[in-house]
Amino acid sequence: MSISEKRDNPTGSSISNEILQGPIVPISIKLALPIIIGQLLQLGYSLTNTMFVSMINKESTTLLTGIGLVFPIHMCFLALSIGLFTGMNSVVSRGIGEKNQQVIHKTGDSGVWLAIALALLTVSVLYVFSGPIVRLLAGTEMSTEAVNNGLSYLHWILPGLGMMLISQSLLGILQGEGLSKYYGMALMLSTVLNIILDPIFIFYFGMGVSGAALATTIAITVMFLFVVGLFLKKKSIVPVSWKTNKVDFTLISKVIYVGFPQTLSMISLSVMSAFLNNLIGSISEHAMNSWILVGRFDEFLLLAGYGFGSAALTMIGQNYGNGNMDRVLRIFKTNVLLAVGLCSVFLIIYNVFAPHLFPLFTSIPEVAAGAVKQVHIISVSCIGIVIAIVATSSFQATGRAMPGLILDILRMGLLTIPLSYILFYWLKQGTTGIFFGMAGINLIMMVISFAWCYFYLKNIKQVKVLMESVTLK
C-alpha cells in the first residue's frame, strides 16, 4: 500500500486491522513488548549511570544523593513528556478508529508545536531558578557538596530534557497508530549511546556527575533526530510539516484535555515525592541513599504496567473510536492479567537477588541493608500500582484522563504522605513503619482503580447496546 493510500485509508493497514479485529493476547504482547524492552533499556541505563557515578567515589554518599535531589525535576519533565505522549496517542488512536481525516492530517504539527513551546518555557525557567529550587528539595541533613552535585547535574541535563518533550510527542503519534516498534528502537538507540558516552565524559574527560548529565543530553538529541527521520521517510500516516499554519488549536485542546491531567498527575507525584525525600533525608543521609537506590530499581517492577498500559491505550482507543465496546472491556481485562503475570515474575527475581544487588552500588553496609529491607516490605504491593497504570491508560483511551489524576492524588497526597509523617513523627515507627504503610496503601488502591475502570467500561458498553436497540426500534 502506497503512502497516499495509507493516508486516505488509515484503518486499512494490517496493524490497525489486527487491533480492531485480531486476537487480543498476541496483539497486546506485540504492542507492549517494544515498550517494555525500551523501558528496560532505559532502566538499564539508569542503573549503569548509577554504577558509573558511584564509581567516582564509592565511599561518598553525596554523588548519588545529589542526583537524587534533581529527581523530582526530572520527574516533572517526564510528566510533561508522558502527558504529550499520552495525549497524542489517545487523539490519534481514536481518530484512526473513527477514520477522521482532520485528526489524522493535523494532529502531528499541532502536538509538535505544543511540545516546542513547553520545552522553551520550562528549560528557560529552570536555568534561571535552579539554585533556589534544588536547595528547597534538599532536606535539613543534606551537605553542601550534595547540593552542588545536584546543581551541576541539572545544568547539563536540562537541554536534553527539553528535547525529550518534542521526541515523546512524535512517539505518541507512532504509538497511536500501533507502531510501537519505533518506540523501542528509539529508546534502544538512546540508551546504548548513553551507556557508551557515560564513562567517556565521567572519567576520561573528568567531568564527574556533569559528564553523566551531558551524555544523557547527547543521547536524547540523537534519539530526537532518529524519530524526526521516521517522519521525513513517511513511516507514519500522520504527517508532520513543522509549519505553524498547520496548527489546529481544537486538536491542541484535545491533546491537552487528555494529556494535561496525566502530566498534572505525575507532577503531583513528583511534588509529593519531594515531601517523602525531605522526610527520608531528615532521618539520615544513609537512609536517603538507600531510598534513592531502591527508587531506581523499583521501575523494573512497573515495566509490565507501562507496557500493557500503553497497549491498552492504543487498542482501546482505536476500538472505542470504531464503536467496538464489547471488545474494549475484553482488552482491559486481558491487559490487566498480562501485566500482573509479568510483574509477578519480576517480583520474584527482584526479591531473590536484592541482597546481592545493592552491595554492587555501595560499600556502606547500612545503605545496602536499608535498601534490601525496603524491597522486601514494599515490592509486592507494586502489583497494585501496575494495575492502576493499566486502568489509568484505559480511561485515557476513551478520552477521560481525570480518573488517573484522582487516583494518584488519593494514593500519594491524601494517604501515603500524611500516613508517613504520622508514622514517623507521632508514632515513632521509623523507616519500617513508613514502608509498611506505603505497601498497604498500594494494595488498597489496586482494588479501587480496577473496580472503577471495570465498571466504567462495562457501563459504556451497556449504554452502547441500549442505544443500538433504541435505534433498531
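For the structure given in this document, a descriptive report is provided here.

**Notes on the environment of Tyr 350**
As for its placement among the helices and strands, Tyr 350 is situated in helix H11 (residues 325-357). Residues contacting Tyr 350, with those up to four places away along its chain left out, are Val 294, Phe 297, Asp 298, Leu 301, Leu 357, Phe 358, Val 375 and Ser 379. Within polar-contact distance, the side chain of Tyr 350 engages the side chain of Asp 298 at 3.2 Å.

**Thoughts on the nonpolar core**
In terms of nonpolar packing, the biggest core is built from 144 residues, with Phe 77, Tyr 153, Phe 332 and Phe 358 touching the most fellow members. When residues in this core are grouped by element, the largest group, 18 residues, is from helix H10 (residues 285-322). In this structure, Phe 358 is in contact with Leu 293, Val 294, Phe 297, Tyr 350, Ala 368, Ala 371, Val 372 and Val 375, ignoring residues within four places of it in sequence.

**Here's the deal with the layout of surface pockets**
One number sums up the size of the largest pocket: a volume of about 240 Å³. Lining the largest pocket we find twelve residues, and of these Ile 73, Cys 76, Phe 77, Thr 122 and Leu 126 sit closest to its centre. When contributions to the lining of the largest pocket are tallied by element, the ones reaching two or more residues are helix H4 (62-98), helix H5 (101-137) and helix H9 (249-283). Broken down by class, the residue content of the lining of the largest pocket amounts to ten nonpolar, two polar and no charged.

**With respect to the pattern of salt bridges**
Scanning all chains against the criterion turns up two salt bridges. With a closest N to O distance of 3.4 Å, Glu 18 and Lys 30 form a salt bridge. Of this pair, Glu 18 sits in helix H2 (residues 14-21) while Lys 30 sits in helix H3 (residues 24-56), and the two are twelve residues apart along the sequence. The class for Glu 18 is partly exposed, based on a relative accessible area of 27%. Using a relative accessible area of 43% as the deciding quantity, one classes Lys 30 as partly exposed.

**Looking at the side chain of Ser 379**
Inspection of the secondary structure puts Ser 379 in the loop between helix H12 (365-378) and helix H13 (382-397). Taking the relative accessible area as the measure of exposure, Ser 379 reaches 1% and is therefore buried. With residues up to four places along the chain from it excluded, the contact list for Ser 379 reads Leu 301, Leu 347, Tyr 350, Asn 351 and Gln 374.

Reading the values: rules and limits
Residues numbered from 1 in each chain as written. Predicted model: local features only at pLDDT ≥ 70, side-chain atom pairs only at ≥ 80, totals over all residues. Heavy atoms only, no water. Helix = DSSP H or I, 4+ residues; strand = E, 2+ residues; numbered from the N terminus. Contact = heavy atoms within 4.5 Å. Polar contact = N/O pair within 3.5 Å; in protein donor to acceptor, adjacent residues only side chain to side chain. Core = buried A, V, L, I, M, F, W, Y, C linked by side-chain atoms within 4.5 Å. Buried < 20%, exposed > 50% of the residue type's maximum accessible area, 1.4 Å probe, protein only. 1 Å grid on protein atoms, 1.4 Å probe; cavity = no way out; pocket = protein on both sides within 12 Å on 5 of 7 lines; lining within 4 Å. Points joined across faces, edges and corners; volume = space filled by probe spheres on them. Nonpolar A, V, L, I, M, F, W, Y, C, P; charged D, E, K, R; others polar. Salt bridge = Lys/Arg side-chain N within 4 Å of Asp/Glu carboxyl O.

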